[in-house]
Amino acid sequence: MEQKTARLSGDSAGIAAAAKLLAAGGLVAFPTETVYGLGADARNDAAVAAIYAAKGRPSFNPLIVHVADLQVAEEYAQFSDTARQLAAAFWPGPLSLVLPVAANAGLSDRVTAGLDSVAIRVPAHPLGHALLSAFDGPVAAPSANISGRVSPTTPRHVLDGLDGRIGAVLMGGACDVGLESTILSVVGDKVSLLRAGGITAEAIENLLGKPIRRPADPDRPQSPGQMASHYAPAALIRLNVTEPKVDEVLLGFGDQAQAVLNLSPRGDLAEAASNLFAMLRQIDLVAQEKQARIAVAPVPMHGLGLAINDRLSRAAAPR
Ligand code: TXA
Ligand code: MG
């Protein structure tokens, strides 16, 4: 349904207006430290249904519930000691925990897509956090992009995909981390990585003092939303390229004279992560204009490189 999308500023009036819209069942895009989320009241069936409609998202793909702190999170999910240890170490921050749903949680079934687990997180962005405190309830939020496309790290990206389809955007500037949260399933003391993201697997293993389970086959991830093709720009992409062909524009990493854009000339993975989605959008425009394809330089497979390579391989996957 076509509607006027309000641009709300990140001051107390904007936050209050955003919270009011959520309470009325509206959709509000808001900043988190990872990417912009498209929020709705997680207890309101119709509001959650509207998220799927606005994004064109398949209904079997469950949503992450965002809350202001661990105490509120415990109303919606059952925390084991290990889950509490992870929350204490990494919240607020880019970590989502998939846990058994709490009894009488009152969440819409559409949030969990009928599973008996729920993904929950406490984001660190001050404005996102202020909105969650003002709304004082659970906010279901996927990334604020059309399903299958590149995730948004600025209000402009959100509006490029969703202007006229949502109630408002809470305008908060660019997201620092730039990659979605790491998703962990926690069953008692067993911890599995469902999606690589803003908290590295190494940091989690350091905290726990033991290895976590990683997906045996990266092409068969366990999160229902981890479809092979995702984050797709319009142009085709080739990965791990050191020598681009004449009909390719290179997205570089590290010292690379031929790069049209560079994720991090100094080879810094955090910088590359925060640039990734914005540069994919930019280089896509260049490629379309030149009727070229996109080539991407190799990015090392450690630390945030795991998540960067995950997003790149989905962006390059057959569609
Ligand atoms: O950083 C983020 O996580 C961002 C910001 C907005 O918080 N959100 C985000 O949401 O990336 P989305 O919807 O794009 O990705 C959510 C992922 C999907 O892959 C979904 O399948 C998985 O979380 N997920 C949600 N609930 C789950 C559950 N109960 N079990 C397993 N996977 C689940
Ligand atoms: Mg997404």
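Residues numbered from 1 in each chain as written. Chains lettered and ligands numbered in written order. Predicted model: local features only at pLDDT ≥ 70, side-chain atom pairs only at ≥ 80, totals over all residues. Heavy atoms only, no water.

Q: How should the environment of V101 be read in this particular structure?
A: Within the element layout of this structure, V101 appears in the loop between β5 (95-100) and α5 (109-112). Sequence-wise, V101 and E271 are 170 residues apart; in three dimensions their C-alpha atoms are separated by 35 Å. (Helix = DSSP H or I, 4+ residues; strand = E, 2+ residues; numbered from the N terminus.)

Q: Please clarify how the nonpolar core should be interpreted in this entry.
A: Within soluble globular proteins, side chains that are nonpolar generally end up buried alongside one another. Residues F79, L86, L97, I120 and L184 are the most contacted members of the largest nonpolar core, which totals 50 residues. When residues of this core are assigned to their parent elements, the largest contribution, 5 residues, is made by helix α2 (residues 45-55). Ignoring any residue separated from it by four or fewer positions in sequence, one finds F79 in contact with L70, A73, E74, R84, A87, W91, L97, L99 and I120. A196, A273, M279 and A292 belong to the second largest nonpolar core, which has 31 residues in total. (Core = buried A, V, L, I, M, F, W, Y, C linked by side-chain atoms within 4.5 Å. Buried < 20%, exposed > 50% of the residue type's maximum accessible area, 1.4 Å probe, protein only. Contact = heavy atoms within 4.5 Å.)

Q: Quick question: what am I supposed to make of the pairing of β5 here?
A: Consecutive side chains of a regular strand alternate in pointing toward one face of the sheet and then the other. Within β5, 5 of the 6 residues are buried, which leaves it mostly tucked inside the rest of the structure. Bridge analysis of β5 against strand β9 (residues 182-187) gives 4 bridges, and the strand direction is parallel. In the sheet register, S96 faces β9, and the bridge partner there is I183. (Pairing = 2+ DSSP bridges.)

Q: Is there a simple way to explain the packing of aromatic side chains in this structure?
A: Aromatic ring pairs are reported here in terms of the distance separating the ring centres and the angle at which the planes meet. Summed over all chains, the structure comprises 1 aromatic pair. With a centroid separation of 6.0 Å and 75° between ring planes, the pair formed by F79 and W91 is classed as edge-to-face. You can see F79 sitting in the loop between α3 (70-73) and α4 (81-90) and its partner W91 sitting in the loop between α4 and β5, a full 12 residues away along the chain. Taking relative accessible area as the criterion, W91 reaches 10% and is therefore assigned buried. (Phe/Tyr/Trp six-rings, centres within 6.5 Å; stacked < 30°, edge-to-face > 60°.)

Q: Would you explain the pattern of salt bridges in this entry?
A: Counting across every chain of the model gives 16 salt bridges. As a salt-bridge pair, R43 and D41 come within 3.0 Å of each other at their nearest N and O atoms. Classification of R43 as partly exposed rests on a relative accessible area of 38%. Among the residues examined, D41 registers a relative accessible area of 10% and is labelled buried. Between R214 and E205 there is a salt bridge; the shortest N-O distance is 3.2 Å. Residue classification places E205 among the buried residues on the basis of a relative accessible area of 19%. (Salt bridge = Lys/Arg side-chain N within 4 Å of Asp/Glu carboxyl O.)

Q: How should the pairing of strand β14 (residues 293-296) be read in this particular structure?
A: Sheet topology note: the strand β11 (residues 237-238)/β14 ladder contains 2 bridges and is parallel. Bridge pairing in β14 places R238 opposite A295. Two elements, strand β12 (residues 248-252) and β14, share 4 bridges in a ladder whose sense is parallel. Along β14, the bridge assignment pairs E248 with R293.

Q: Quick question: what am I supposed to make of the sheet that holds strand β4 (residues 64-66) here?
A: Strand order in the open sheet formed by 10 strands is β1-β8-β2-β3-β7-β4-β6-β5-β9-β10, and the pairing between neighbours is mixed. The open sheet terminates on both sides in strands that have one partner only, identified here as β1 (6-8) and β10 (190-195). As paired elements, β1 and strand β8 (residues 168-170) share 3 bridges and run parallel to each other. Within β8, the position partnered with R7 by the bridge is V169. Helix-sheet contacts for α4 involve β5, β9 and β10, and the interaxial angle to β5 is about 160°. Packed on one face of the sheet, helix α7 (residues 155-162) meets β1, β2 (28-30), β3 (37-41) and β8 and runs near 165° to β8. (Axes fitted to C-alpha atoms, helices over the stretch in contact; angles between N-to-C directions.)

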